[in-house]
Amino acid sequence: VTTPTTQRASTASLTHKGGGRLSDRAFWLVTLVAGLLVLAILALILLTTVREAWPALSYSGTDFFTSATWAPNDPDADGPLGPQFGALAFIYGTLIVSLISILFAVPVAIGIALFLTELAPRRLRGAVVTVIDLLAAVPSVVFGLWGIIVVAPFIVKVYQWVHDVFGGIPVVGSLFGEPVSSGRTLMTAGIIVGIMIIPIITSITREVFATVPESDKHAALALGATRWEMIRGAVFPHSFGGMVGAVMLGLGRAMGETIAVSLTIGAATQIVPNLFASGNALPAVIVQNFGDPGVPPGRSALIACGVVLFVITVVINYGARIVVRRAEIRMKGAAA
Amino acid sequence: VTTLAPASGSPAAGSTGGVPANLRRSSLSQRRRITDKVAQAAIWGSLFVTVVPLGLVTYYVILKGSRIISWEFLTERIPRQAQTAGGGIGPAIVGTIVTTGTAALLAIPLGVLGAIYLNEYGKQGALARTIRTMADVMTGVPSVVMGLFIYIGFVLVVGEQNALAGAFALGCLMLPVVIRTSEEMLRLVPDELRQASLALGARKWRTILGVVLPASVSGIMSGSLLAVARAAGETAPIVLVVGLTYRTNWDFFGGNTALPAQIYRNASEPYDAAVDRAWGAALTLVVIVLITTLIGRFIANRFAIKER
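Residues numbered from 1 in each chain as written. Chains lettered and ligands numbered in written order. Predicted model: local features only at pLDDT ≥ 70, side-chain atom pairs only at ≥ 80, totals over all residues. Heavy atoms only, no water.

## Quick word on a nonpolar patch on the surface
Residues and elements named next belong to chain A.
And step 1. Together, W161, V165, F166, I169, V171, V172 and L175 make up a nonpolar patch on the protein surface, roughly 650 Å² of accessible area in all.
And step 2. Listed by contribution, the elements that provide at least two residues to the nonpolar patch are helix 6 (140-166) and helix 7 (172-175).
And step 3. By residue number, the principal contributor to the nonpolar patch is helix 6, which donates three residues.
And step 4. Counting through the fold element by element, V165 comes out in helix 6. (Patch = residues over 30% accessible without salt bridge, like charges linked within 9 Å, V, L, I, M, F, W, Y side chains within 5 Å. Areas by Shrake-Rupley, 256 points an atom, 1.4 Å probe, with all protein chains shown as cover. Salt bridge = Lys/Arg side-chain N within 4 Å of Asp/Glu carboxyl O. Helix = DSSP H or I, 4+ residues; strand = E, 2+ residues; numbered from the N terminus.)

## Thoughts on empty space enclosed by the protein
Take a probe with the size of a water molecule and roll it over the atoms, and the empty space left behind shows itself.
Residue and element names in this part refer to chain A.
And step 1. On inspection of all chains with the given rule, the structure shows two cavities of 30 Å³ or more.
And step 2. If you add up the space inside the second largest cavity, you get close to 30 Å³.
And step 3. If you trace the second largest cavity, you find it lined by T94, V97, S98, A254, M255, E257, V261, A281 and P283.
And step 4. Elements with a contribution of two residues or more to the lining of the second largest cavity: helix 4 (88-119) and helix 10 (227-256).
And step 5. It is helix 4 that contributes the most residues to the lining of the second largest cavity, three residues altogether.
And step 6. For the lining of the second largest cavity, the class distribution of residues is six nonpolar, two polar and one charged. (1 Å grid on protein atoms, 1.4 Å probe; cavity = no way out; pocket = protein on both sides within 12 Å on 5 of 7 lines; lining within 4 Å. Points joined across faces, edges and corners; volume = space filled by probe spheres on them. Nonpolar A, V, L, I, M, F, W, Y, C, P; charged D, E, K, R; others polar.)

## Here we look at unusual backbone geometry
Glycine aside, residues mostly have negative phi, and peptide bonds are mostly found in the trans state.
And step 1. Omega for the peptide link from A:P296 to A:P297 comes to 0°, which places this bond in the cis form.
And step 2. As for its position among the elements, A:P297 is in the loop between helix 12 (282-289) and helix 13 (298-335).
And step 3. Its identity is not glycine, yet A:V171 carries a phi of approximately 65°, on the positive side.
And step 4. Mapping A:V171 onto the fold places it in the loop between helix 6 and helix 7.
And step 5. For B:K123, which is not glycine, the phi torsion reads 45° and is therefore positive.
And step 6. Structurally, the position occupied by B:K123 is in the loop between helix 3 (90-122) and helix 4 (126-139).

## Section: the pattern of salt bridges
And step 1. Taken as a whole and assessed by the stated rule, the structure comprises 14 salt bridges over all chains.
And step 2. In this structure, the salt-bridge partner of B:R203 is A:D24, at a minimum N-O distance of 3.8 Å. Placement of B:R203 in the loop between helix 7 (191-199) and helix 8 (204-232) and of A:D24 in helix 2 (residues 21-60) is noted, with the two residues assigned to different chains.
And step 3. With a relative accessible area of 27%, B:R203 lands in the partly exposed category.
And step 4. With a relative accessible area of 15%, A:D24 lands in the buried category.
And step 5. Two residues, A:E229 and B:R32, come together in a salt bridge whose shortest N-O distance is 2.7 Å. Of this pair, A:E229 sits in helix 10 while B:R32 sits in helix 1 (residues 30-68), on two different chains.
And step 6. Here the salt bridges share partners, and the residues they tie into one network are A:R325, B:R132, B:D136, B:R180, B:E183, B:E184 and B:R187. (Buried < 20%, exposed > 50% of the residue type's maximum accessible area, 1.4 Å probe, protein only.)

## Side note on the interface of chain A and chain B
And step 1. Listed as interface residues are 88 residues of chain A and, on the opposing side, 84 residues of chain B.
And step 2. Carbon and sulfur atoms make up 78% of the area that chain A and chain B hide from each other, which totals about 7,600 Å².
And step 3. For the pair chain A and chain B, the interface holds eleven residue pairs in polar contact (both at pLDDT 80 or more).
And step 4. The leading source of residues in the side of chain A that touches chain B is helix 2 of chain A, at 21 residues.
And step 5. For the side of chain A that touches chain B, the residue count by class is 56 nonpolar, 22 polar and ten charged. (Contact = heavy atoms within 4.5 Å. Buried area = accessible area lost by both parts, 1.4 Å probe. Polar contact = N/O pair within 3.5 Å; in protein donor to acceptor, adjacent residues only side chain to side chain.)

## Things to note about helix 4 of chain A
Residues and elements named next belong to chain A.
And step 1. Taking 1.5 Å of rise per residue, the 32 residues of helix 4 would be expected to cover 46 Å, and the 44 Å separating its terminal C-alpha atoms lies within 8% of that figure.
And step 2. Along helix 4, the helix axis deviates most sharply at A105, where the bend reaches about 30°; the proline P107 sits within four residues downstream.
And step 3. Within helix 4, 24 of the 32 residues are buried, which leaves it mostly tucked inside the rest of the structure. (Expected span 1.5 Å × (residues − 1). Bend = angle between axes of the 7 residues up to and from the residue.)

## Some details on the packing of helix 6 of chain A against helix 8 (residues 186-210) of chain A
A pair of packed helices is captured by two measures, namely the crossing angle of their axes and the spacing between those axes.
Residue and element names in this part refer to chain A.
And step 1. Contact pair helix 6 / helix 8: the axes reach a minimum separation of 9 Å and the direction vectors enclose 130°. The angle between the axes of helix 6 and helix 8 places the two elements in the oblique class. As for how helix 6 packs across helix 8, the hand of that crossing is right-handed. Contacts between helix 6 and helix 8 involve S140, F143, W146, G147, V151, A152, I155 and Y159 on the former and, on the latter, M187, T188, I191, I192, I195 and M196. (Axes fitted to C-alpha atoms, helices over the stretch in contact; angles between N-to-C directions. Parallel < 35°, antiparallel > 145°, perpendicular 65-115°, else oblique. Left-handed = near helix turned anticlockwise from the far one by under 90°.)

So, in structure tokens, the structure goes:
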């Protein structure tokens, strides 16, 4: 508290007794309520979505997580079979897409962060920061539009080439199977999302790199290390924790990315190792089918997908914040 | 004073005047020199990998969008059939203004109040720390989940999809961003200002509203505008809770639409007319987002708290 201890006594003697005290309490209360709103919203999200998802979850039971059959419209009208809600294919698609995007974005983001902190000429630095900010400002639906209209038809040729070259290799080759002609595939979605999460990973790794003590770097260089050896020996070990946190934040963002994925993933309910095949992801399935969710509990099942997504992203984000904070505390200690 | 160890890997050779030979760059072993060059090239390459997609997106949005954009396109009704050529996106622009504007009016005051609690009252207390962490976590909640939440909590209760629901969803997405950026800005206000105000006998609430807030208002404004820009591009919640319209609707109630939703719907249509409209809407949206961002940046640069 910054207020000096004499303040309380002096104001009391300056104004009439307790004057303005009520408004002080009222203002405190208003701000407190506004602050608590965050906790309330998060709790309400969990509460309301779980309640609405319950019919589908109890209808499908564990099948929801273990079956890859999503048949929201009763397959045989009055027959014995009801609609089926198995979200495994969407969970698989979400994991694959976010994995591809992370594999793509992390090296690039770390490269840019290193460029900004270690390599960039001063004049270029501002320009690169602007580029990253602009990249972060482009709405995801615009990336999706670009992905579906421009990237997908073009990248199919690249897929075909990769398939021709690597498709024959056992095991690894199954990842590079025959590409879908539309180009709307797990790989395409992963690349687009990867581009979209570069800014968030960059901004955090950059902050982390900036806290590496100059003396450490100078020491490494003075010992005869090359630029790269200095980065590997002084920058990376110091910022490892923060980098892990940044990657986790990027992962959370990638998993929640809805529209760009929905447009570029191809909307197919299947689990295949082929990265050049269509698939679907949890958030994408929600927006695609929400207008026409099938027979009850179809809408509830979509909300259940949302619950799964919510829980996964909250856990990842919470973990990431803890990791970043811990790294920050350690780094401040080192810098002091 | 200890003698400098020679760079590892290079043989201790005799100096030939100037820089000792074994400290020259050329005396590095082949492997180390190449590794260094490759790594630096990779770092430059990562820059390339980022600039190219941004450049391509910008290029295509401008190229394809500018072909269709005209005053009619910006003001006319949305055609009912996706394959019909002509028509415009007027209702979507109105919808974006109504939803995003209302969301801003809801989220910015609440967010600033929340930030005031964190920085002026809660400080490092347990509750404030929890709120801070949870606000960070909330920024990571996928927008589609926020859409589902408002669908259940508002649309199902009221019985219709409308612009107000969209505003709530976007507001929920903006709130944590506004809280965290505003708190950063409040933290920059020098403590002497608070002490001076309190010493003059002002109550704490007057100090905050009369001294602390005005001192940080530019930072808060710019941070909030960035949040608004981000929210204007959110698509998933709009698709879930705002509903549908083909004509201009300034009202909170009744079906509405917004630019991102129009881009999304038209992008997946197989008709050229629809795809053209999607590009036009994309250019409009990008311009709106960019202008908001630039205004935010301008305010931040122009009126920032003077570094002391």
